[in-house]
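Structural features, examined
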Amino acid sequence: MNKDFIKYQAQTSPYPLGMEVSHAVGSYIYDTDNKKYLDFVAGVSACTLGHQPARVNQAIKDQLDKYSHVMVYGEYSQSPAVEYCKLLASLLPAPLDKTYLVNSGTEAIEGALKLAKRITGRSQLISCHNAYHGNTMGSMSVMGYEERKQAFRPLLPDIDFITFNNEADLERITTKTAGILLETIQGGAGFIEPSNDFLKKVRQRCTEVGAMMILDEIQPGFGRTGKLFGFENYDVVPDIVAMGKGMGGGMPVGAFTASSTMMDLLTHNPKLGHITTFGGHPVIAAACLATLKEITETNLMPEALEKEKLFRTLLVHPLIEEVRGKGLMLAAMTKSPEVTNQVILKCQDKGLILFWLLFEGCAIRITPPLTISEEEIREGCAIMLDVMNEVLASNQK
């Protein structure tokens, strides 16, 4: 491992994987020894079109030759951002027609929470146990995992938590509630899908009491579940949708979208209700526009569901209890966190990149690029099964 990486770059855990990256192309990452690794993680769902996607790279280069950053967000009309927001509006259900571009998913959540308070004039926010929405202070306040946030208290006041898919908890959404924030599919908790029309029942309750329904599409969004946004699978439309990760084809970006009537409230009382210097950056917006066009002008979304079927067919093993998720947002659930750790680390040794989920220790993340081929899926699953056979044999000794 590069010693300077440890010495000079701040780390997030005591044991980073430490691969020294040389280059990446398509579904593969290469280290400095030119060993190639099949990527089943896609930068934690961010590299929607794989590595070095030609259309995105060309859009970035073309924009760099015109202009880069020129003015803070919302002052100058910059065509990549305008075109992107217009196309996004045409693809989203009414009344979601106005988008605020920011720099990351957690910033999108911060903006969405502020907007919910501004719309309603209320203070209470509701999230779910084991929810993850980012790691800035507001986003951390609605994280449903106390162990990860107790060292940073005090956080935002007036936060309540319910259990995902628990209909009885919906009574806690009241006329005091500014908004309820839900991941369309719970990510860190183990890729848990909504069941029994849970999201539709949340929508109904929010409408009854005048609370904002905010859906976090940072992971499910941009084709990963077979639809452009995950909520389209569940026949529901939120008041505010937050997005990030896969929207930029690997570039850093986030956004939140609502109706024009709601979003315009950020312009007055007070004005500058939400501001950012680099949000809507023209080079990033150009990458987003190219990514969105590629997703919507090809068969990548329906193909994600066919690739899911292939994963489910191939990933049958005594160590796999179930495969959760939808499309190419999948988690193979093993019998224990110890087994999960062994499989992920041994697979990397054999040239396959897998990863963990934040809170569910038994889960193996499988979120490859949407562009991954069937041949590559078979190649990666064969490595997984070989490793699982080794782990099973060693654990039986």
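In this report, the structure presented in the accompanying data block is examined.

Calculation notes
- One numbering rule holds for all chains: residues counted from 1, following each sequence as written.
- In keeping with the predicted nature of the model, local features appear solely for residues at pLDDT of at least 70, side-chain atom pairs appear and are counted solely at 80 or more, and the whole-chain, interface and lining totals rest on all residues.
- Only hydrogens and water are set aside when side-chain values are computed; all heavy atoms of the structure are taken into account.
- To qualify as a helix, a DSSP run of H or I must reach at least 4 residues; to qualify as a strand, a run of E must reach at least 2; elements of each kind are numbered from the N terminus.
- The atom set for the radius of gyration is the C-alpha atoms, and the globule formula is 2.2 Å times the number of residues raised to the power 0.38.
- Residue exposure (1.4 Å probe, protein chains only): buried if accessible area is under 20% of the type maximum, exposed if over 50%, otherwise partly exposed.
- Residue contacts follow a heavy-atom distance rule, with two residues in contact if any of their heavy atoms lie within 4.5 Å.
- Only the protein chains shown count as covering a residue, and every accessible area follows the Shrake-Rupley method with a 1.4 Å probe.
- Grid points spaced at 1 Å and placed over the protein atoms alone form the basis of the search, with a cavity being a set where a 1.4 Å probe fits but cannot get out and a pocket an open set showing protein on both sides within 12 Å along at least five of seven lines. Lining residues have an atom within 4 Å of a point.
- Grid points are joined across faces, edges and corners, and a volume is the space filled by probe spheres set on the points.
- Just so you know the grouping, Ala, Val, Leu, Ile, Met, Phe, Trp, Tyr, Cys and Pro go in nonpolar, Asp, Glu, Lys and Arg go in charged, and all remaining residues, Gly too, go in polar.
- Within this scheme, the nonpolar core is defined by two criteria: the residues are buried Ala, Val, Leu, Ile, Met, Phe, Trp, Tyr or Cys, and they are joined through side-chain atoms within 4.5 Å.
- Pairing between two strands requires that DSSP report at least two bridges joining them.
- Note on geometry: axes are lines fitted to C-alpha atoms, helical ones only across the stretch in contact, with angles between N-to-C directions running from 0 to 180 degrees.
- Under the convention used throughout, the expected extent of a helix is 1.5 Å for every residue step, that is, one less than its residue count.
- Here, the arc refers to the directions that run from the helix axis to the C-beta atoms.

A word on the overall build of the protein. Scanning the protein for helices and strands turns up 13 helices and 14 strands. For the protein, the C-alpha radius of gyration of 21 Å lies close to 21 Å, the compact-globule estimate for 397 residues. In terms of overall dimensions, the protein has C-alpha extents of about 65 × 55 × 45 Å along its principal axes. Going through the 397 residues of the protein one by one, you find that 52% of them count as buried. Summarising the internal contacts of the protein: among those between residues at least 6 apart in sequence, 71% fall at separations of at least 24. As presented, the protein carries roughly 17,600 Å² of accessible surface, and 52% of it is formed by carbon and sulfur atoms.

Our focus in this paragraph is the environment of Ile218. Assignment of secondary structure puts Ile218 in the loop between β8 (212–216) and β9 (240–243). The class for Ile218 is buried, based on a relative accessible area of 11%. Taking the C-alpha atoms as reference points, Ile218 and Arg378, 160 residues apart in sequence, are found 27 Å from one another. Beyond its immediate chain neighbours, meaning those up to four positions away, Ile218 contacts Gly105, Ile109, Ala242, Met243, Gly244, Lys245 and Gly246.

Here we come to the layout of surface pockets. Roughly 750 Å³ of volume is contained in the second largest pocket. Taken together, 34 residues make up the lining of the second largest pocket; nearest its centre are Tyr73, Gly74, Glu75, Thr99 and Tyr100. For the lining of the second largest pocket, the elements supplying multiple residues, two or more each, are α4 (79–91), β4 (98–102) and α9 (260–263). Looking at the lining of the second largest pocket element by element, the count peaks at five residues for α4. Partitioned by chemical class, the residues of the lining of the second largest pocket number 15 nonpolar, 14 polar and five charged.

This paragraph deals with the nonpolar core. Phe40, Phe222, Leu354 and Met384 are the most contacted members of the largest nonpolar core, which totals 90 residues. Ranked by residues supplied to this core, first place goes to helix α10 (residues 282–297) with ten residues. Residues contacting Phe222, with those up to four places away along its chain left out, are Thr48, Tyr84, Leu88, Leu228, Phe229, Met243, Gly244, Gly246, Met247, Leu292, Ile295 and Leu370. Among the nonpolar cores identified, the runner-up in size contains 22 residues, and Ile109, Ala116, Ile240 and Ala258 belong to it.

Right, let's get into the sheet that holds strand β12 (residues 329–334). Spatially, three strands are ordered β11-β12-β14 in an open sheet, and the strand pairing comes out antiparallel. Edge positions in the sheet fall to β11 (320–326) and β14 (363–366), since each of these pairs with one other strand and no more. Averaged over neighbouring strand pairs, the angle between their axes works out to 20° when direction is ignored. Here four bridges tie β12 to β14, and the two strands are oriented antiparallel to one another. The partner of Leu330 across the bridge, within β14, is Ile366. Packing of helix α11 (residues 300–314) onto the sheet brings it into contact with β11, β12 and β14, and relative to β11 it is tilted by some 175°.

Now for α11. The terminal C-alpha atoms of α11 lie 20 Å apart, and with 15 residues this matches the ideal 21 Å at 1.5 Å per residue to within 8%. Within α11 the residues assigned to the buried category are Leu300, Met301, Ala304, Lys307, Glu308, Leu310 and Phe311. The arc that holds the buried residues of α11, viewed along the axis, is 165°, so those residues lie on one side. Against α10, β11, β12, β14 and α13 (374–395) lie the buried residues of α11.

As summarised here, the arrangement of the four strands in space is β1-β2-β3-β13, forming an open sheet in which the pairing is mixed. Either end of the sheet is taken by a strand with one partner, and the two such strands are β1 (21–25) and β13 (352–353). Two elements, strand β3 (residues 36–39) and β13, share two bridges in a ladder whose sense is parallel. From the neighbouring strand, Asp39 faces β13, where its bridge partner is Ile353.

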